[in-house]
Structures are given as structure tokens and as C-alpha cells.
Amino acid sequence: MTKIKSVYVCSACGARYPRWQGQCRECGEWNTISEVAVSENSAPNAGAKAAARALSGFAGAGGSGVTDLSLIDLEVKKRISSGFSEFDRVLGGGIVAGSVVLIGGNPGAGKSTLLLQTVCRLSESRKVLYVTGEESLQQVALRAARLKLPTARVRIAAETSIDNICTLAGSEQPAVLVVDSIQVMHVQGIESAPGSVSQVREGAAALTQFAKRTGIAVFMVGHVTKDGTLAGPKILEHCVDCSVILEAANDMRFRTLRCQKNRFGAVNEVGVFAMTDTGLKEVKNPSAIFLNRQQEVAPGSLAMVVWEGTRPLLVELQALVDSSAFGNPRRLSLGTDQNRLSMLLSVLHRHANFNLGDQDVFINVVGGVKVEETSSDVPLCLALISSYYSKAVDRRTIAFGEIGLTGEIRPVPSGQERIYEAAKQGFNRAIVPYDNAPRHSPEGIEVIPVRRVTELFDLI
Ligand code: TYD
Ligand code: MG
């Protein structure tokens, strides 16, 4: 008889303890530790150990022995195109054979739709297997029919056992396997419910091992919890090769696909899709939609160039400065960092004597884009000044640049490319950091270099 014993596992980081405790010593989270039953004959780290075995086999010649790095075969596996150039770019240039990709996102973000469309497009040139654990075969078939996808050569199974999936995929030998979703899958020999820490972790480890052994590319769907992290332990992100998140923008029409981890390419790549009644459509020129501005100019609005992964993106930034009715003025920023807004307000006060201490300040990046780099500092200050003095900025003016604590304007990476992109989109004036200004302005755009925040006031 197998003996059942239990361990206590942290749902945030996956750390294990022999008895319950309130706080996890590994990650410091409170109330994340819960009891998990394991049978004696399934070794605690079965999946992880199996994955380690698979990886050592993958290394080639010497098994687990020691070898020279220079002797390892550099044969680069050809990448498979997903049929979506935006998706390929996020993955670093296409799907790599034997790689494991985790697709995260809120319910309704379109993960199943994206993968179904990808699989159907791929099926025209390769073998694919779509395993659904959440929807019935009919539901998937109906959706594919409604989206008018080519389904003739798509193989599909409704299955929730990882062991069965590996057996099925082993006999089908597809180039790409989709598992929707990892949270409903279970692994034999693990007692806890599907979706629990140990099931998710062992399931992912088993699929990773399978992918490395067979060279089949595996896509796993993973759900996201309320605070935006992937449900299940962090270990899920450790064992996969790529982790991408599909996010819905504010107005729910656009979806951004963002890469968080990529062993085969750059991170922070962003792909943009539009959700239409015929499924997800690629948006090849995202600047055009995020910059869909009205003809008349309004104070407090300004276009800026941000850098997303490997390309520039033009978005509109809006600021509203309004006298506050209460003693404690509000500061709210949507799409940019709230702390950075407070910092910039202090810089403006201290170095340019621009006091917004009795004003409410609201910042919004149009289109639900999240700006995570510092090049939005200069446009943000310009928008604040423009809103405060009710003076509109010409609609063909664009800006970017970082602001330091001493009031200096600092250069940002890829300055030239940003200016060229702005010129291409029809802008004729660019306010840029002095060190980013090219010696000769590109055709059709006047470059205005700035060194200090005080100069921004003269421009408006
Ligand atoms: P789905 O792929 O089921 O989301 P997930 O698997 O991430 O939970 O997408 C469902 C959402 O997409 C749903 O809210 C409806 C919308 N949708 C469309 O607007 N058009 C379509 O053609 C499809 C298939 C879905
Ligand atoms: Mg789904």
C-alpha cells in the first residue's frame, strides 16, 4: 500500500516545509502555505528530477558528464513561423522546435483564440495537436468554423491527464502541441486537485521534459490571478523557455502580447492584435491606432515615442491639471508610473518653480498602453505645463526624453530611430534630449534639443 504523507507548499514560490507556518521563509509572503498530500512512492521532486534528466540528455555527447563548451554542436534548429508575424516577433523570430512557451492572460483575453488560429494556420504545412481541457470538442469546432479557419488537418483531443497527453502526442508526432490549460491538467501519482501548486508544477515539468526529449514545441496556457501574476508557483516560469502574456488594453478592442522571459530572443517585445468578430487580427502599424488623434488640438495632449522591444511606438499622452477642492490634491496616473509622476512634480517645483501643490493632476496614456521606460518624462512635463497654462501643443509635435533629479534632460536609447519613426508618421517637430539630437535633422522634421526642464516652459 502506498503511504500518504503531506508536505506544506507555498503557492507563491513553491517552497516546501515539513509543517505549516504563517509566513514563507523563501519569499516572505503571508498565508500562502497550504497542505499538499503526496504518496510515498512519488518522490517529492519527481517532475523536476525528470526534467533535469531530460535536460542532461539534451546536452548531447557526454550525458551528465563534463565537456568543453566549444565542443557542443551549434546546429541551429530552424524556426517555424506561427503564421502571425506579430506573434513570431514576440517569440524572437518564430517557434523553436522542442521549446516550451507559456501563454498567460486574464480570462477572455483571447489565449484560446490565438492558439486555435495559430494551430489552424500551421496545420496547412505541419502536423499539429490541440489538446483542450477546458472546452469541449464541439465548442472548439464551432469556434473554428465561425472563424472560418482551415480545420481539415488539425488533430484535436479533449484530455486532462498529462500522462495521456504525452502518450497521444508521442504517437501523433506533431510539430506543435497546444495544452489549454495547465491549470486543469493532472499528473498521475499526485493526489492534490488540478490547479494546485504541486499539480501545476509537476505537470509543467513533465511537459518540459517531453518537449526536450521529442523536439515537439509545446504551448501551455496559464491563467493569471487577480493581481496579474501567473497562477501557480513561480516555478512554472522557471521551467519554460518563453513566457508571454496576452493583455487586453483598456477599451478591450486591442490585445498586446508581451514577452516576459525568452531563452531564444529579446524580452519586452510587444505584438499588437485587434479582437474582431472574426478572431484576432494583427495590427501591423500600432502607432497609427494609438495615435488616432482628433483634428483640433487641446491643451494637455502630446504625442510621444516610446521604445517597445525592438521598435518605436507612437502614443498620445494626456495630462489634466485642475485646482483641487480638497486640502489633499490627487495624483493619478494611468499607463505610467505613479511614483515617477510624484518625482517629476517635485523636480518641476524645485528646479523650475512650477508649483502644482494645490492642483489635482491626472495622467493618461491613450489606448491603454503601459509605458515602462523613462522616455515619457519630457512629454509628461510638457503635457502638465500645457494643461496648466491652457496652451495647446501643435499636433505635429512629438517629444521624448528622461528627466533627472537635478532638472537635467538625459538621453534615452535609440534616439535617432525614434526621430525617424516620428518623421515617417508625419510629425514635423521633435523635442528631444540634447545628447540624442542628430547633427543634421532628418528630412521634414525640425529637431529641438533641450538640456534642462526650464527650457520646456519656453517651448509652450
Ligand atoms: P478566449 O480565447 O476564449 O479567451 P481565453 O481563452 O483567454 O479565456 O476569448 C474569448 C473572448 O474573445 C470573448 O470575450 C469573446 C472574444 N471573441 C471575439 O470578440 N471575437 C471572436 O471571434 C472570438 C473567437 C472571441
Ligand atoms: Mg480559454
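Residues numbered from 1 in each chain as written. Chains lettered and ligands numbered in written order. Predicted model: local features only at pLDDT ≥ 70, side-chain atom pairs only at ≥ 80, totals over all residues. Heavy atoms only, no water.

Before going further, it helps to examine the environment of Thr118. Inspection of the secondary structure puts Thr118 in helix H3 (residues 111-122). The exposure class of Thr118 is buried, given its relative accessible area of 2%. (Helix = DSSP H or I, 4+ residues; strand = E, 2+ residues; numbered from the N terminus. Buried < 20%, exposed > 50% of the residue type's maximum accessible area, 1.4 Å probe, protein only.)

Ordered by their spatial adjacency, nine strands build an open sheet running E6-E5-E7-E8-E4-E9-E10-E11-E12, and the pairing between neighbours is mixed. For this open sheet the edge positions go to strand E6 (154-158) and strand E12 (279-282), each flanked by a neighbour on one side alone. Geometrically, the sheet is characterised by an average inter-axis angle of 25° between neighbouring strands, direction not taken into account. Two elements, strand E5 (residues 128-132) and E6, share five bridges in a ladder whose sense is parallel. From the neighbouring strand, Tyr130 faces E6, where its bridge partner is Ile156. Where H3 meets the sheet, its contacts fall on strand E4 (100-105), E5, E6, strand E7 (176-180), strand E8 (217-223), strand E9 (242-248), strand E10 (254-262), strand E11 (270-276) and E12, and the angle it forms with E5 comes to roughly 155°. Where helix H5 (residues 162-172) meets the sheet, its contacts fall on E5, E6 and E7, and the angle it forms with E5 comes to roughly 160°. (Pairing = 2+ DSSP bridges. Axes fitted to C-alpha atoms, helices over the stretch in contact; angles between N-to-C directions. Contact = heavy atoms within 4.5 Å.)

Time to look at the nonpolar core. In terms of nonpolar packing, the biggest core is built from 44 residues, with Val315, Ile363, Val378, Leu384, Ile403, Ile431 and Leu456 touching the most fellow members. For this core, the secondary-structure elements that each account for two or more residues are E11, strand E13 (301-308), strand E14 (311-323), helix H9 (338-352), strand E16 (359-365), helix H10 (377-388), strand E21 (446-450) and helix H12 (453-459). It is H10 that provides the largest number of residues to this core, a total of seven residues. Two domains share this core, each providing at least three of its residues, namely domain 2 (43-59 + 80-283) and domain 3 (289-459). In this structure Leu384 touches Ala319, Val321, Leu345, Leu348, Phe354, Leu356, Val361 and Ile363, once residues within four positions along its chain are discounted. With 34 residues, the next largest nonpolar core counts Ile80, Tyr130, Phe273 and Leu280 among its residues. (Core = buried A, V, L, I, M, F, W, Y, C linked by side-chain atoms within 4.5 Å. Domains from an automatic or database assignment.)

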